[in-house]
Amino acid sequence: MEFTAGKLNSFLFFKLPSAYISGVRVKEIDAVTCLVSVKHRWINQNPFNSMYFAVQAMAAELATGALVMYHIKKSGRKISMLVANNKGNFTKKATGRIFFTCKDGHLIEEAIKQTIATGEGQTFWMKSIGVNEKGEQVSEMDFEWSIRVK
């Protein structure tokens, strides 16, 4: 699969339909950065008139996971990936359109080189920051990814 925002959004439709139905969409991706957006709507709300935390987590995880997928594809090797751990901090009500950005693409290349060289699994943490349309941070999530050569 070529790594474009459109192809990743098609992937969401077929493989992660709950994220797609909730409105999670990849906007941009390159070797270092991935930008994902989701708009607060009826389908993804909580009882407090803001975005449900799990929808924010889906978007934040996609921002990190799409970068992992990008680099695995680029390596040309069969490498498995799995979220091993995560943590989140919510600082403001998430209303309107929320943008999640991960700029940790540089961390993945080294981990892939290590797992290919040693055959052992590697873990690394990636951060995704969610901001609203005013540029105010609403959440920050960290995901520990585990990769291993198949």
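As shown above, the structure is provided for reference.
Everything numeric in this text was worked out from a predicted model, so none of it was measured.

Engineer: Looking at this model, I keep getting lost on the overall build of the chain. Mind explaining?
Structural biologist: Summing up its helical and strand segments, the chain has four helices and six strands in all. Going from the N terminus to the C terminus, the chain shows its helices and strands as α-α-β-β-α-β-β-α-β-β. Computed over C-alpha atoms, the radius of gyration of the chain comes to 15 Å, within 12% of the 15 Å expected from 2.2 N^0.38 for 150 residues, which places it in the range of a compact globule. Reported as C-alpha extents along the three principal axes, the dimensions of the chain are approximately 50 × 30 × 20 Å.

Engineer: Can you help me understand the nonpolar core in this one?
Structural biologist: Grouped together as the largest cluster of nonpolar side chains are 39 residues, with contacts concentrated most on Val24, Val36, Val38, Val68, Phe124 and Met126. Looking at this core, the elements that each hand over two or more residues are α1 (5–15), β1 (25–29), β2 (34–39), α3 (53–75), β4 (97–102), α4 (105–118), β5 (122–131) and β6 (137–149). In terms of residue count, α3 provides more of this core than any other element does, eleven residues in total.

Engineer: Teacher, can you tell me more about a nonpolar patch on the surface here?
Structural biologist: A cluster of nonpolar residues, Ile21, Trp42 and Ile43, forms a patch on the protein surface that exposes about 380 Å² of accessible area. Mapped onto the elements of the fold, isoleucine 21 is located in helix α2 (residues 17–22).

Engineer: Where do I start with the sheet that holds β4 in this structure?
Structural biologist: In sheet architecture, strand pairing relies on hydrogen bonds along the backbone and comes in two forms, parallel and antiparallel. Taken in spatial order, the six strands line up as β1-β2-β4-β5-β6-β3 in an open sheet, and their pairing is antiparallel. With partners counted over all chains shown, the strands left at the sheet margins are β1 and β3 (79–90), one partner each. The average angle at which neighbouring strand axes cross in this sheet is 25°, direction not considered. Bridge count for β1 against β2 is four bridges, and the pairing is antiparallel. Of the residues in β2, the one forming a bridge with isoleucine 29 is cysteine 34. Against the sheet, α4 engages β3, β5 and β6, with an angle of about 160° to β5.

Engineer: Would you mind showing me how to read the side chain of serine 37 here?
Structural biologist: Structurally, serine 37 can be placed in strand β2. One polar contact links serine 37 to arginine 97, side chain to side chain, over a distance of 3.1 Å. Residues within four places of serine 37 in sequence aside, it is in contact with Gly23, Val24, Arg25, Lys27, Arg97, Ile98 and Phe99.

Engineer: Looking at this model, I keep getting lost on the packing of aromatic side chains. Mind explaining?
Structural biologist: Remark: the centre distance and the inter-plane angle together describe each pair of aromatic rings, the angle taken between the planes. Applying the stated criterion to the full structure yields five aromatic pairs. When the ring of phenylalanine 13 is compared with that of phenylalanine 14, the centres are 4.9 Å apart and the planes differ by 90°; the resulting orientation is edge-to-face. For phenylalanine 13, a relative accessible area of 44% gives the class partly exposed. According to the relative accessible area criterion, phenylalanine 14 is exposed, its value standing at 65%.

Engineer: Hey, could you run me through the environment of arginine 97 in this one?
Structural biologist: Here arginine 97 is to be found in strand β4. Sequence separation between arginine 97 and asparagine 49 is 48 residues, and the spatial gap between their C-alpha atoms is 14 Å. Apart from the residues lying within four places of it in its own chain, the contact partners of arginine 97 are Ser37, Val38, Lys39, Val131, Asn132 and Glu133.

Calculation notes
Residues numbered from 1 in each chain as written. Predicted model: local features only at pLDDT ≥ 70, side-chain atom pairs only at ≥ 80, totals over all residues. Heavy atoms only, no water. Helix = DSSP H or I, 4+ residues; strand = E, 2+ residues; numbered from the N terminus. Rg over C-alpha atoms; globule rule 2.2 N^0.38 Å. Core = buried A, V, L, I, M, F, W, Y, C linked by side-chain atoms within 4.5 Å. Buried < 20%, exposed > 50% of the residue type's maximum accessible area, 1.4 Å probe, protein only. Patch = residues over 30% accessible without salt bridge, like charges linked within 9 Å, V, L, I, M, F, W, Y side chains within 5 Å. Areas by Shrake-Rupley, 256 points an atom, 1.4 Å probe, with all protein chains shown as cover. Salt bridge = Lys/Arg side-chain N within 4 Å of Asp/Glu carboxyl O. Pairing = 2+ DSSP bridges. Axes fitted to C-alpha atoms, helices over the stretch in contact; angles between N-to-C directions. Contact = heavy atoms within 4.5 Å. Polar contact = N/O pair within 3.5 Å; in protein donor to acceptor, adjacent residues only side chain to side chain. Phe/Tyr/Trp six-rings, centres within 6.5 Å; stacked < 30°, edge-to-face > 60°.

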